[in-house]
Amino acid sequence: MYHNQLVYLVEAVRKNSIRKAARSLGLSQPSLSAAIIALEKEVGVRLLVRSSRGVSVTPEGRRFVALAEDIVDKSAALYGLYCGKEGRQVQALTVATNPSQVTARVLRELSPEFARDELRVTVLNFAVEGCVESVRSLESEVGVVFITSGCHRNYMLAFQESQLEYHRLSVRTCCINLGPKNPLYHRDTVTRQEILEFPLARFVEDDLSFLDFSVVTDGVGLSHNKRIFYFNSDSAILSFVAQTDAYKIGYSWCREDYEQFGIRCLELDPPPLPLELGWIKRKDQQLSPVALQFVETLTRLFGA
């Protein structure tokens with residue numbers, strides 16, 4: 001089994017055509033078809049059904065094709081990250097972060113310094129548990145996390161078990177982010193009961209996330225919202241809040257960034273639990289020069 005055979009197979013499936021795949025890859029149709037047939041013989045599984053309408057994956061070939069797609073995509077990602085022009089190594093940085101404008105702010109600050117470098121930066125949005133796993137598995141070099149006082153001990157244990165270093169930066173509280181279409185927009189403070197009347201926009205995560213613990217008081221928490229919209233990126237949440245009467249739980253570290261979207265930060269009454277901002281790395285991993293620049297800028301902008 002050769003890697004190019006997997007590439008041919010995946011391209012044929014994605015194009016739904018042997019002919020289109022061959023054209024896309026710059027091959028003759030018989031050559032590509034023969035490579036896939038040879039692959040089927042080697043693995044002993046018929047992978048594709050060919051017809052006048054194109055190709056389709058056989059039931060027994062679905063798992064093989066799914067794994068082949070994963071291999072091909074990850075190989076392409078590795079090449080894009082580490083093989084620049086003439087084989088030069090490309091600088092790369094992957095950051096796992098709780099959805100917020102904090103990481104975006106740091107990267108904006110660093111952008112002029114990176115202007116002449118050949119660089120690949122990837123930002124992955126996770127809850128804290130996802131950041132831990134991403135850094136532990138070396139998918140990400142650095143993780144940016146927000147931790148409430150109520151969950152602090154549990155996360156410190158999780159960092160220790162995963163052999164991660166935690167670097168505390170500063171402590172503040174959550175706030176409520178509202179757009180101009182929300183009737184509470186011009187208020188300075190809101191209560192939990194008041195905001196429950198409006199839709200909540202939040203990151204896709206479990207219902208017992210650190211944000212739930214940070215804003216619950218007298219038994220009133222985020223799970224009491226009748227209407228909840230889940231998103232997988234902070235920018236999508238901001239766009240939704242800016243154009244509807246929905247609200248989100250935000251971070252006072254990002255007040256200026258939210259205001260650029262026309263979104264205000266309102267204080268909760270009574271105040272929520274303290275929220276701690278920090279970053280994580282593997283204990284046995286020396287940070288790359290790009291990652292060092294990132295954490296130094298993060299510390300300068302958001303440190304106590």
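No experiment lies behind these values; they were computed from the predicted model shown.

Quick look at the packing of helix α1 (residues 3-15) against helix α2 (residues 18-25)
Where α1 meets α2, the axes come as close as 8 Å, and the angle between the chain directions of the two elements is 125°. By the angle between their directions, the pair α1 and α2 is classed as oblique. Viewed along their axes, α1 and α2 form a crossing whose handedness is right-handed. Across the interface between the two elements, Val7, Tyr8, Glu11, Ala12 and Lys15 from α1 touch Ile18, Lys20, Ala21, Ser24 and Leu25 from α2. Per-class residue counts for the contact of α1 with α2 are six nonpolar, one polar and three charged.

Things to note about unusual backbone geometry
Residue Pro270 follows Asp269 across a cis peptide bond; omega there is 0°. For Leu138, which is not a glycine, the phi torsion comes out positive at approximately 70°. Phi at Gln163 takes a positive value of approximately 60°, unusual for a residue other than glycine. Looking at where Gln163 falls in the secondary structure, it is placed in the loop between α7 (152-161) and β6 (164-178).

With respect to the pairing of strand β1 (residues 48-51)
Pairing between β1 and strand β2 (residues 54-57): four bridges, direction antiparallel. By the bridge assignment, Arg50 is partnered in β2 with Val55. In textbook terms, the turn of a hairpin is the stretch between consecutive antiparallel strands, and for β1 and β2 this stretch comprises two residues.

Describing the confidence of the model for the chain
For the chain, the average pLDDT comes to 84, and 89% of its residues sit at 70 or higher. Helix α9 (residues 210-215) is the least confidently modelled element of the chain, averaging 49 in pLDDT, while helix α12 (residues 289-302) averages 94, the highest of any element. Predicted confidence is poor over residues 206-210, with pLDDT under 50, and the contacts of this stretch with residues over four places away or in other chains come to 15 contacts. The low-confidence segment residues 212-220, where pLDDT is below 50, has 28 contacts with residues more than four positions distant or belonging to other chains.

Considerations on the pattern of salt bridges
A complete count under the given rule lists 15 salt bridges for this structure. The partner of Arg300 in a salt bridge is Glu109, and the shortest N-O contact between them spans 3.3 Å. Of this pair, Arg300 sits in helix α12 while Glu109 sits in helix α5 (residues 102-110), placing them 191 residues apart in sequence. In this structure, Asp188 engages Arg264 in a salt bridge whose closest nitrogen and oxygen atoms are separated by 3.5 Å. Taken as a pair, Asp188 in the loop between β6 and β7 (189-190) and Arg264 in strand β11 (residues 264-268) lie far apart in primary sequence, 76 residues in all. Among the charged side chains, a network of salt bridges with common partners joins Arg14, Glu69 and Asp73.

Definitions and limits used
Residues numbered from 1 in each chain as written. Predicted model: local features only at pLDDT ≥ 70, side-chain atom pairs only at ≥ 80, totals over all residues. Heavy atoms only, no water. Axes fitted to C-alpha atoms, helices over the stretch in contact; angles between N-to-C directions. Helix = DSSP H or I, 4+ residues; strand = E, 2+ residues; numbered from the N terminus. Parallel < 35°, antiparallel > 145°, perpendicular 65-115°, else oblique. Left-handed = near helix turned anticlockwise from the far one by under 90°. Contact = heavy atoms within 4.5 Å. Nonpolar A, V, L, I, M, F, W, Y, C, P; charged D, E, K, R; others polar. Pairing = 2+ DSSP bridges. pLDDT = per-residue confidence, 0-100. Salt bridge = Lys/Arg side-chain N within 4 Å of Asp/Glu carboxyl O.

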